[in-house]
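For reference, the chains in residue letters:
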Amino acid sequence: MPADTDLSFPDYDNPPVPFFEKYETKIAPFVVFFATVLLTVLSFPPLRAPEFAYVLAVPALLWAYRRPSFKRYAAVVLGAQAVAWTILLSWLHHVTWVGLFLLGPFVGAWIGVWFLAAWWLLPQVVGRGAMVRILAMFGLAGLWVVNEGLHTWLFGGFPWLPLAASQWERASILQVAAFTGAGGISFALITLNLGFAASLHRLFFERGLQGLQRRSQEFFAAMFLLIACLCVHVQEAFNRGAYAVPMGRFGFVQPNVPSTVKWDPAAGPGILDTLEQTTLTVAKRRPDLILWPEAVTPWAVRGDATVQAFVEDLARKAEVPILLGSIAIEPPVAGSPADAAETWYNGSFLVEPSTGLVSGYYAKRHLVPFGEFVPLRPLFGWLEKFVPIGGDFAVGEGAGLMPVVANREALLVGPLICYEDIFPGLARESVLAGADLLVVQTNNGWFGEEGAAFQHAAHSVLRAVETRRPVLRVGNAGWSGWIDEFGSVRALIQKVVKRNPDGRLVSVASSDPNETGTIYFKGSAIADVSRDARWIGRQSFYVQHGNWFGWTCAALFVAGVVLVRISPPPAVVAPEDDTDEPGAV
């Protein structure tokens, strides 16, 4: 036998360490970072892959189970969230690059705080009883909802793209929002993420489990929750077509005025010409009400006699009421000091063909920081608003419902201006006041033709389901359309290319959401809107009881943490002795 023959045998008692476990500390941070960024961006509009929202947190959660150092975990997760949200909010660069690189990382860090709580809690539940693990999972899901809820009011509030908004085109999971608000959808989605992570950890990293022991009770609990949400859809939305009754015919006007010239006095006459042309065109189809977007007139409709006369004359020509977004300039009240300034409101106004501008109007209740006012002006007074008119706008009070007649029935319209539809409490207040439908008048023209319009529209879907009221949206350049009480997009105003009978291709405005076109165009269109007879004059559970689910989620988190802390620690299993020689002890 040659001297150099290798007679070594495999060491069956010490098998080689799997590649990933051997290099986990080096590979995991990169995998988690890039997977988290990719899955988060893919989950939200304008991309149409909402199923990724079921797993967008799984890489970071699975890594949390592995007990990486806090500094490394925090750096990776917070960094990934900062990058992901800067990408999702990239449309903000059309207004301010500085704002984009401040807001994106800020939102990402806020969301990343939740992952730090998961890093602390998840390793503690390994090996504990099923009920402890399940309640801890629900507690973390509750903390996610609480964290999203804080976005609504802290620092003025910017609850843009809650996890629920990722599902805006999946009506099957949305219906639970009529009971819980959008937080119920987010709760279900993040619970699925936690369930998947728990199952993967149990399958691949928890040693000594055999057969059925490798099943994850957290995963089954999460799946049961998902099925419960889908059952709500079956109960609420099944056979809903049988209950549809006509509400009215509505005209949508998109003037597509560029933000660069919107407040230029020289461009004012051209803007009025566009409004007249598009309005008279849609009026030929005899709508019950014509909708204009936010702040669409180049001068204030209330405070400028010329503009008021223009819209009143146009309504008479069209023979149709117009609900328009514009500015109100109110003089100082009687008894004010001689140097008192006038008050500016961003409002919604109704113009009747027979009586002209209605005296009552809706004034916007939630203003855009640095757009309509400068917060903490003594501190930030050196900064200017990016809307170059007037001083700081004033905050409106009350729902300001507008009485209109459609399909020969009296209706109360609840206006929401700009990004007010991202605040669930405002839509709820309008429905509590008696609104039969909600109308969102906005101007996304500030943010280009990127993702902002679709991301914004996703919130209107959530408000429709929460309140069980139809939502009509009209934008300066899009997204305009109709969303029914169950969150389905029933009309989407687009410019589509069709072939004439003579074979020529022409561009026309369409309200069919099944057609493919662009939402960014100048024009007008009609939508015949219906409503569900079961919800006429009826309020959803969410509208009646408000944010009860948020408080429940806070209690769930506290209960989960307490239970983990007081439950017995997992038993330490002694290594098995696999010696099978006779007499071995």
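As a reminder, the structure under discussion sits directly above these lines.
Since the model is a prediction, treat every value here as computed from it, not as a measurement.

Asker: Residues and numbers for the nonpolar core, please.
Answerer: One finds Trp114, Phe115, Ile185, Phe250 and Leu472 to be the most contacted residues of the largest nonpolar core, which totals 136 residues. A total of 11 residues in this core trace back to one element, the largest contributor, which is helix α5 (residues 97-125). The residues touching isoleucine 185, leaving out its near neighbours within four places in the chain, are Ala164, Gln167, Ile173, Leu174, Val176, Ala177 and Leu462. Residues Ala283, Trp292, Ala318 and Ala328 belong to the second largest nonpolar core, which totals 27 residues.

Asker: Describe the packing of aromatic side chains, naming the residues involved and giving the relevant values.
Answerer: Two numbers describe a pair of aromatic rings. These are the distance of the centres and the angle of the planes. All told, the structure shown has 24 aromatic pairs when counted by the stated rule. Between tryptophan 97 and phenylalanine 101 the ring centres are 5.9 Å apart and the planes differ by 15 degrees, which places this aromatic pair in the stacked class. Placement of both tryptophan 97 and phenylalanine 101 in helix α5 is noted, with a separation of 4 residues, approximately one turn of the helix. According to the relative accessible area criterion, tryptophan 97 is exposed, its value standing at 52%. For phenylalanine 101, a relative accessible area of 51% gives the class exposed. When the centroid spacing of 6.3 Å and the interplanar angle of 65 degrees are considered together, the rings of tryptophan 168 and tryptophan 479 count as edge-to-face. With tryptophan 168 in the loop between α6 (130-150) and α7 (171-174) and tryptophan 479 in the loop between β10 (471-475) and β11 (481-483), this residue pair connects regions lying 311 residues apart in the sequence. With respect to burial, tryptophan 168 and tryptophan 479 carry one shared label: buried. Lying over the aromatic face of tyrosine 243, arginine 534 brings its terminal NZ or CZ to 4.1 Å of the ring centre. Sitting above the plane of the tryptophan 535 ring, arginine 538 keeps its charged end 3.8 Å from the centroid.

Asker: Can you tell me about the side chain of glutamate 330, naming the residues and giving the values?
Answerer: Locating glutamate 330 in the fold gives a position in strand β3 (residues 322-330). With a relative accessible area of 19%, glutamate 330 lands in the buried category. Within the structure, glutamate 330 has its side chain in polar contact with the side chain of tyrosine 361 (distance 2.7 Å). In contact with glutamate 330, other than residues within four places in its own chain, are Arg302, Glu342, Thr343, Tyr345 and Tyr361.

What counts, and at which threshold
Residues numbered from 1 in each chain as written. Predicted model: local features only at pLDDT ≥ 70, side-chain atom pairs only at ≥ 80, totals over all residues. Heavy atoms only, no water. Core = buried A, V, L, I, M, F, W, Y, C linked by side-chain atoms within 4.5 Å. Buried < 20%, exposed > 50% of the residue type's maximum accessible area, 1.4 Å probe, protein only. Helix = DSSP H or I, 4+ residues; strand = E, 2+ residues; numbered from the N terminus. Contact = heavy atoms within 4.5 Å. Phe/Tyr/Trp six-rings, centres within 6.5 Å; stacked < 30°, edge-to-face > 60°. Lys NZ or Arg CZ within 6 Å of the ring centre and 35° of its normal. Polar contact = N/O pair within 3.5 Å; in protein donor to acceptor, adjacent residues only side chain to side chain.

Purely geometric numbers; function is a separate question.
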